[in-house]
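Survey of secondary and tertiary structure
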Amino acid sequence: MGLGFSSSWSLSFCVLLVLMSAEASKGEYSLQEHEDGGEEAMARKHIHTHMDMSMRIFFTITELKVGKRIPVYFSKRDPATSPHLLPREEVESIPFSSAQLPYLLQFFGFSQGSPQAIAMENTLRHCETEPIEGETKSCVTSLESMLDFSQKIFGLKASFEVISTKLGEKTTSLLQNYTILKLPKPISAPKMVACHTLPYPYAVFYCHFQEGENKVFEVSLGGENGDRVEAVAVCHMDTSQWNQDHVSFRLLGVQPGASPVCHFFPADNLIWVPSPALIQD
Ligand SMILES: *[C@@H]1O[C@H](CO)[C@@H](O)[C@H](O)[C@H]1NC(C)=O
């Protein structure tokens, strides 16, 4: 196998896939559905498909009030069984291209047609699709590349920081009603880079920047089971260009462009915003 990879990450990848299949049995699993893999990509993927549990993250901006109850699905993964971030120099010696898939399958020891092989192919193809109008995207395979991409978006002299959803001790992968406990904190984010994990034997993030107005918030949520989640949420203010089959429209019962669409970020997403991020405390 080379490069000092142990079987542990390979095992992790299998565990991850099993977890995803478990989620899939409740609905339908596909790469883009699993995370917020780009609104348009997701919308395309959702035409004529069933609702995936991991899509239960949407809400409307009018719901962003103390005391409001919103059903949300937060998926909890054990970091020990999640694919690891590799150092850039190590990861850059491995091809990352669907044209190299046969070599990659051999390299990672997966047979053609296996769930792992299909997930890898989906990820590579997703990474190779052209960005949509107004979008700048990159699939990054290391923290260094993620920082480079963000720096390019924010500008060479800009400083920026990362925020993410923090799950509680009692978070379980379960759809439940969460109550907004405190006034949501607005995050100053004239620009925002969202990085979503994609299934792969090592950590791969689909990072993108989309032109247009977004509002970002930190929201304290209390679950019915006593769970506490400090969630990062974004509201896309203009959805007029979105595909009308987008899952959020169906979930929220709204039309494209009629109202902003908001969603919570899954805990393994990284959201980069200019610093200092907090407008108020
Ligand atoms: C959330 O609460 C509503 C009523 O307030 C209820 O109808 C719904 O079933 C609850 N959802 C979940 C997932 O528990």
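Conventions we followed
- Residues numbered from 1 in each chain as written.
- Predicted model: local features only at pLDDT ≥ 70, side-chain atom pairs only at ≥ 80, totals over all residues.
- Heavy atoms only, no water.
- Near = heavy atom within 4 Å.
- Polar contact = N/O pair within 3.5 Å; in protein donor to acceptor, adjacent residues only side chain to side chain.
- Areas by Shrake-Rupley, 256 points an atom, 1.4 Å probe, with all protein chains shown as cover.
- Nonpolar A, V, L, I, M, F, W, Y, C, P; charged D, E, K, R; others polar.
- Buried < 20%, exposed > 50% of the residue type's maximum accessible area, 1.4 Å probe, protein only.
- Helix = DSSP H or I, 4+ residues; strand = E, 2+ residues; numbered from the N terminus.
- Arc of directions from axis to C-beta.
- Salt bridge = Lys/Arg side-chain N within 4 Å of Asp/Glu carboxyl O.
- Contact = heavy atoms within 4.5 Å.
- Pairing = 2+ DSSP bridges.
- Axes fitted to C-alpha atoms, helices over the stretch in contact; angles between N-to-C directions.
- Core = buried A, V, L, I, M, F, W, Y, C linked by side-chain atoms within 4.5 Å.
- Phe/Tyr/Trp six-rings, centres within 6.5 Å; stacked < 30°, edge-to-face > 60°.

In the nomenclature of an unreviewed UniProt entry, the protein corresponds to BURP domain-containing protein from the organism Vitis vinifera.

Describing the site of the ligand
Contacts to the ligand come from R69, L175, N177 and E224. One nitrogen or oxygen atom from the side chain of R69 is found 3.0 Å from an oxygen atom belonging to the ligand. The contact in question runs from an oxygen atom of the ligand to an N or O atom on the side chain of N177, over 2.3 Å. Taking 360 Å² as the accessible area of the ligand by itself, protein coverage stands at 38%. Residue composition of the shell around the ligand, by class: 1 nonpolar, 1 polar and 2 charged.

Regarding helix α5 (residues 101-108)
Taken together, the buried positions of α5 are occupied by L101, L104, L105, F107 and F108. Viewed along the axis of α5, the buried residues span an arc of 160°, placing them on a single side of the element. In α5, those exposed residues whose orientation departs by more than 90 degrees from the buried face are P102 and Q106. After α5 finishes, the residue G109 shows a positive phi value of roughly 75°.

Some thoughts on the pattern of salt bridges
Taken as a whole and judged by the stated rule, the model has 6 salt bridges. The shortest N-O distance in the salt bridge between R125 and E121 comes to 2.9 Å. Of this pair, R125 and E121 both sit in helix α6 (residues 115-128), separated by 4 residues, roughly a single helical turn. Owing to a relative accessible area of 45%, R125 belongs among the partly exposed residues under this scheme. Judged by its relative accessible area of 27%, E121 is partly exposed. Between E213 and K215 there is a salt bridge whose closest N-O contact spans 3.3 Å. On the accessibility criterion, E213 (48% relative accessible area) is partly exposed.

With respect to the side chain of S164
Within the fold, S164 resides in the loop between β4 (160-163) and β5 (174-180). The class for S164 is buried, based on a relative accessible area of 16%. In this structure the side chain of S164 is engaged in a polar contact, spanning 2.7 Å, whose partner is the side chain of K166. Residue contacts for S164: discarding those within four places in its chain leaves E230, V232, A267, N269, L270 and I271.

Quick notes on the sheet that holds β4
The strand order across the open sheet formed by 5 strands is β3-β8-β7-β12-β4, and the pairing between neighbours is antiparallel. Of all strands in the sheet, those bounded by a partner on one side alone are β3 (135-140) and β4. Neighbour-to-neighbour, the strand axes of this sheet turn through a mean angle of 20°, independent of strand direction.

Regarding the nonpolar core
Residues F59, L64, V72, F74, V219, L221 and F264 are the most contacted members of the largest nonpolar core, which totals 24 residues. Sorting the residues of this core by element identifies β1 (58-60), β2 (69-74), β5, β9 (214-223), β10 (228-236), α8 (247-252) and β11 (261-264) as the ones contributing at least two each. Considering every element that reaches this core, the biggest residue donor is β10, with 4 residues. The contacts of V219, once residues within four sequence positions are left out, are L64, I180, P184, V229, E230, A231, A233 and F264. By size, the runner-up hydrophobic cluster in this structure holds 19 residues, among which are V91, L101, F110 and L124.

A look at the pairing of strand β8 (residues 204-210)
A large share of β8 lies buried, amounting to 6 of its 7 residues. In the sheet, β3 pairs with β8 via 6 bridges, with the strands oriented antiparallel. For C139, the partnering residue across the bridge sits in β8 and is Y206. Both strand β7 (residues 193-198) and β8 contribute to a ladder of 5 bridges, which runs antiparallel. Looking across to β8, one finds that T197 is bridged to F205.

Description of the packing of aromatic side chains
Summed over the entire model, instances satisfying the criterion amount to 12 aromatic pairs. The interplanar angle of 80° and the centroid separation of 6.4 Å between the aromatic rings of F108 and Y200 together place this pair among those described as edge-to-face. One end of the pair, F108, is in helix α5; the other, Y200, is in the loop between β7 and β8, with 92 residues separating them in the sequence. Residue Y200 is classed as buried on the basis of its relative accessible area, which comes to 0%. Site record: aromatic cluster; members linked through ring pairs are F96, Y103, F107, F108, Y200 and Y202.

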